[in-house]
Amino acid sequence: MSFYIERKNYEKFDFYNFFERVDDADIERVIAKDRLSELDYLTLLSPRAEGYLEAMAQKSLLLTIRHFGRVILLYTPLYLANYCVNHCVYCGFQVRNRLSRKKLSVDEVEAEAKIIAATGLKHILILTGESRKKSPVSYIKECIEVLKRYFTSISIEIYPLEEYEYAALISAGVDGLTIYQEVYNEEVYADLHPAGPKRNYRFRLEAPERACRAGIRTVNVGALLGLHDWRSEAFFTGLHANYLQNLFPEVDVSVSPPRIRPQLGGYRPDIEVSDKNLVQYMLAFRLFMPRGGITVSTRERAELRDHLVKLGATKMSAGSSTAVGGRSNGGATGQFEISDGRSVAEMAAMLYSMGYQPVYKDWQ
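In this report, the structure presented in the accompanying data block is examined. (Residues numbered from 1 in each chain as written. Predicted model: local features only at pLDDT ≥ 70, side-chain atom pairs only at ≥ 80, totals over all residues. Heavy atoms only, no water.)

**Re the overall build of the protein**
Let me state the cut-off plainly: For the purposes of this entry, the term helix denotes a DSSP run of H or I that reaches at least four residues, the term strand denotes a run of E that reaches at least two, and both are numbered from the N terminus. Each radius of gyration reported is based on C-alpha atoms, and the globular scaling rule is 2.2 Å times the count of residues to the power 0.38. With a 1.4 Å probe rolled over the protein chains alone, any residue whose accessible area is under 20% of its type maximum counts as buried; one over 50% counts as exposed, and the rest are partly exposed.
A count of helices and strands for the protein gives 15 helices and nine strands. Expected size for 364 residues packed as a compact globule is a radius of gyration near 21 Å; at 20 Å, the protein falls within 12% of this value. The dimensions of the protein, computed from C-alpha atoms along their principal axes, are 60 × 45 × 40 Å. Out of the 364 residues in the protein, the part that is buried amounts to 58%.

Here it is as structure tokens:
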């Protein structure tokens with residue numbers, strides 16, 4: 001069994017017809033429930049449920065405080081390399097884009113680590129493009145050896161690995177995995193990934209399961225909003241998270257709802273995902289998975305992220321850079337444009353002002 005098989009159960013599902021049949025009584029019934037089914041979750045993602053965001057927000061706040069308290073875990077991304085062999089049409093690092101390609105040396109990794117560690121952060125997310133030749137697992141292990149001297153928690157957002165490779169990185173010091181399916185609709189996925197190893201939809205989809213079997217502590221999944229209908233993508237992301245949580249109860253499972261941002265190459269999505277849409281997604285997920293984490297990155301602007309603190313968010317990035325060596329060697333091209341450029345100190349001050357506690361380390 002894998003989530004690929006689970007998702008196939010909804011391959012012919014008529015989302016439009018389902019949403020057409022949702023009425024106010026359905027939504028009120030779902031909001032009042034303690035445990036939601038998959039179709040209850042979809043009901044809260046319906047256009048009709050847009051009229052119930054306030055009621056959903058009130059319950060979301062109570063559930064989030066009950067399970068997470070008034071705290072937000074802060075982390076930051078560290079880009080190790082931007083070499084990539086994929087042709088993802090929406091990504092600034094894709095192989096056909098002309099940009100200066102770079103891979104940090106071990107000394108450069110340490111220089112970045114010192115700058116980040118000086119902010120007080122203890123959680124870091126390391127990223128690479130997909131190039132096994134330029135950024136092999138052995139290179140990533142070398143970087144981890146340096147980084148674990150500075151950080152309590154190291155997560156990876158890299159190309160999908162085999163189970164034994166995840167096990168090797170976990171043994172080296174990795175405890176978290178972030179991997180976006182990008183889009184759960186398999187036909188759309190094929191169009192957006194015309195060439196390269198990332199074209200293998202199923203291998204990517206099953207990566208979180210391989211990492212969980214290898215012993216990872218946390219897993220974060222998501223779809224890149226704007227590439228396809230957001231309601232169905234939010235639905236499958238939630239189902240994916242719920243599947244992983246049920247199968248691996250010892251793993252902390254979370255989702256990210258990233259919206260596409262301007263990037264080198266200029267790809268512009270056909271589908272607009274509004275702030276209201278994003279809020280509805282987060283609220284519906286919180287009611288569906290009360291213990292599931294929700295990560296909100298600096299793709300979103302500062303004012304919106306401030307509001308999302310009380311709408312279910314549990315983890316936020318701060319002091320971000322999407323360029324390789326972007327802190328110690330400025331001027332490099334980032335994977336995409338960030339929207340919230342606040343420092344770690346500024347994010348912490350915002351959280352304190354709202355009565356929340358910024359957390360720099362949540363486990364050891």
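The rest of the description comes next.
**Remarks on the state of the cysteines**
The condition is simple: Only a pair of cysteine sulfur atoms within 2.5 Å qualifies as a disulfide here.
Applying the stated criterion across every chain, the model contains zero disulfides. Its sulfur unpaired, Cys91 is 6.0 Å from the next cysteine sulfur, which belongs to Cys88.

**A few points about the packing of helix α8 (residues 163-172) against helix α11 (residues 207-214)**
How we decide: Angles run from 0 to 180 degrees between N-to-C directions of axes, and those axes are lines fitted to C-alpha atoms, restricted for helices to the stretch in contact. Oblique is the label for any angle not covered by the other classes, which are roughly parallel (under 35 degrees), roughly antiparallel (over 145) and roughly perpendicular (65 to 115). Working rule for handedness: look at the near helix, and if it is turned counterclockwise from the far one by less than a right angle, call the crossing left-handed; if clockwise, right-handed. Pairs of residues are marked as contacts when any of their non-hydrogen atoms sit within 4.5 Å.
Contact pair α8 / α11: the axes reach a minimum separation of 8 Å and the direction vectors enclose 50 degrees. The orientation of α8 with respect to α11, classified from their angle, is oblique. In terms of crossing hand, the pair formed by α8 and α11 is right-handed. On α11, the residues touching Glu163, Tyr166, Ala167 and Ile170 of α8 are Ala207, Arg210, Ala211, Arg213 and Ala214.

**Some thoughts on unusual backbone geometry**
Notably, Glu182 is not glycine yet its phi reads approximately 75 degrees, a positive angle. Turning to its location among the elements, Glu182 is positioned in strand β4 (residues 176-182).

**A short note on helix α7 (residues 137-147)**
Residues Val137, Tyr139, Ile140, Cys143, Ile144, Val146 and Leu147 constitute the buried set of α7. The inward-facing, buried residues of α7 abut β1 (71-79), α6 (106-117), β2 (123-127), β3 (153-157) and α8.

**Considering the pattern of salt bridges**
Put simply, the test is: What counts as a salt bridge is simple: a side-chain nitrogen of Lys or Arg found within 4 Å of a carboxyl oxygen of Asp or Glu.
Tallied over the entire structure, the rule returns 24 salt bridges. Asp275 serves as the salt-bridge partner of Arg301, at 2.8 Å between the closest nitrogen and oxygen. Within this pair, whereas Arg301 is found in the loop between β7 (293-296) and α14 (302-308), its partner Asp275 is found in helix α13 (residues 275-288), the two being separated by 26 residues in sequence. Judged by relative accessible area, which is 25%, Asp275 ranks as partly exposed. The residue Asp306 makes a salt bridge to Arg342 at a minimum N-O spacing of 3.0 Å. In this pair, Asp306 sits in helix α14 while Arg342 sits in the loop between β8 (315-317) and α15 (344-353), placing the two residues 36 residues apart along the sequence. Residues joined in a network through salt bridges with shared partners are Arg259, Asp275, Glu300 and Arg301.

**Regarding the packing of helix α12 (residues 230-247) against α13**
A packed helix pair is summarised by two numbers, namely the angle formed by the two axes and the spacing between the axes. The test is simple: All amino acids are sorted into three groups, where Ala, Val, Leu, Ile, Met, Phe, Trp, Tyr, Cys and Pro are nonpolar, Asp, Glu, Lys and Arg are charged, and the leftover types, Gly among them, are polar.
Their axes nearest at 11 Å, the elements α12 and α13 cross at an angle of 30 degrees. Looking at the two axes, α12 sits roughly parallel to α13. Once α12 is placed against α13, the crossing between them reads as right-handed. Of the residues in α13, those in contact with Trp230, Arg231, Ala234, Thr237, Gly238, Leu239, Ala241 and Asn242 of α12 are Asn277, Gln280, Tyr281, Phe285 and Phe288. Split into classes, the residues belonging to the contact of α12 with α13 amount to seven nonpolar, five polar and one charged.

Function cannot be read off these values alone, since they describe shape.
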